[in-house]
Amino acid sequence: MLDMSLLGQISDTSLTQAKSIEFEKSGLPNTFVAGRNLLFLTFASTLAYRRGLTVLVGGMCETDYSGYPDCRDDTLKSLQVTLSLGLDQRMVVETPLMWLDKAATWRLAEQLGGNNLVSLILEESHTCYLGDRSQRHAWGYGCGKCPACELRQTGYETYRRGQQG
């Protein structure tokens with residue numbers, strides 16, 4: 001485990017500070033932590049290099065997301081090249097969810113691990129920008145109001161309708 005609390009020192013967003021979630025003039029929610037995924041993958045590549053590994057896997061998605069620039073396919077392809085050059089070793093950034101919407105991501109979880117994996121995701125993960133684990137919904141834990149919860153809820157409900165139809 002790496003301590004990533006540094007993000008709170010270099011970022012002034014509702015994800016790293018006690019602020020209400022709002023949309024900025026740019027159209028992005030103020031949960032956007034500039035370069036967060038770039039930093040995460042840079043740290044991960046440093047560990048991977050030390051361990052002799054060459055593949056990093058990220059859950060970024062450009063299909064239904066909050067518009068964060070560091071979740072875009074082009075950004076991550078560019079980062080892959082930069083990491084490979086900087087480490088003088090080929091580093092691959094895999095993003096298997098990049099072109100899947102949230103409903104397709106739930107279907108993929110079911111295909112890979114059945115109801116057990118879907119249940120595990122519902123109980124042990126959350127995408128809530130507020131980190132709320134006090135409220136359990138059909139789609140998992142979260143505040144139910146932030147953009148991340150809304151995306152997860154919509155995706156889960158679409159997935160469930162597809163199961164019934």
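Conventions used here
By convention here, each chain's residues receive numbers from 1 onward along its written sequence. With pLDDT at 70 or above as the cut-off, local features in this predicted model cover only qualifying residues; side-chain atom pairs require 80 or more to be listed or tallied, and sums for whole chains, interfaces and linings still use all residues. As a rule here, side-chain values cover all heavy atoms of the structure and leave hydrogens and water aside. The helix and strand labels rest on DSSP assignments: H or I over at least four residues marks a helix, E over at least two residues marks a strand, and numbering proceeds from the N terminus. To estimate how far a helix should reach, multiply one less than its number of residues by 1.5 Å. Bend, in this description, refers to the angle at a residue between axes fitted to the seven residues ending there and the seven starting there. Per-residue accessibility, obtained with a 1.4 Å probe over protein chains only, is compared with the maximum for each type, and a residue is labelled buried under 20%, exposed over 50%, and partly exposed between these values. Contact between two residues is taken to exist if any of their heavy atoms lie within 4.5 Å; hydrogens are not considered. Throughout this description, a polar contact denotes any pair of N or O atoms lying within 3.5 Å of each other; where both atoms belong to protein, one of them has to be capable of donating a hydrogen while the other can accept it, and for residues adjacent in sequence the pair is counted only when both atoms sit in side chains. Whenever a carboxyl oxygen of Asp or Glu lies within 4 Å of a side-chain nitrogen of Lys or Arg, that contact is scored as a salt bridge.

**Focus on helix α4 (residues 102-124)**
Thinking step 1. Over its 23 residues, α4 runs only 17 Å from end to end, short of the ideal 33 Å by more than 12%, given 1.5 Å per residue.
Thinking step 2. Within α4, the axis deviates most sharply at G113, by approximately 125°.
Thinking step 3. Among the residues of α4, A103, A104, W106, A109, V118 and L122 are the ones counted as buried.
Thinking step 4. Along its buried surface, α4 packs onto β3 (136-137), β4 (140-141) and α5 (147-164).

**Some thoughts on the side chain of T75**
Thinking step 1. Mapped onto the elements of the fold, T75 is located in helix α3 (residues 73-87).
Thinking step 2. A distance of 2.8 Å separates a polar atom in the side chain of T75 from the backbone oxygen of P69.
Thinking step 3. Beyond its immediate chain neighbours, meaning those up to four positions away, T75 contacts L38, P69 and D70.

**Side note on the pattern of salt bridges**
Thinking step 1. This structure, assessed with the given rule, holds 2 salt bridges.
Thinking step 2. A salt bridge links D73 to K77; its shortest N-O distance comes to 2.8 Å. On the criterion of helical spacing, the pair formed by D73 and K77 is a turn pair, its members being 4 residues apart in helix α3.

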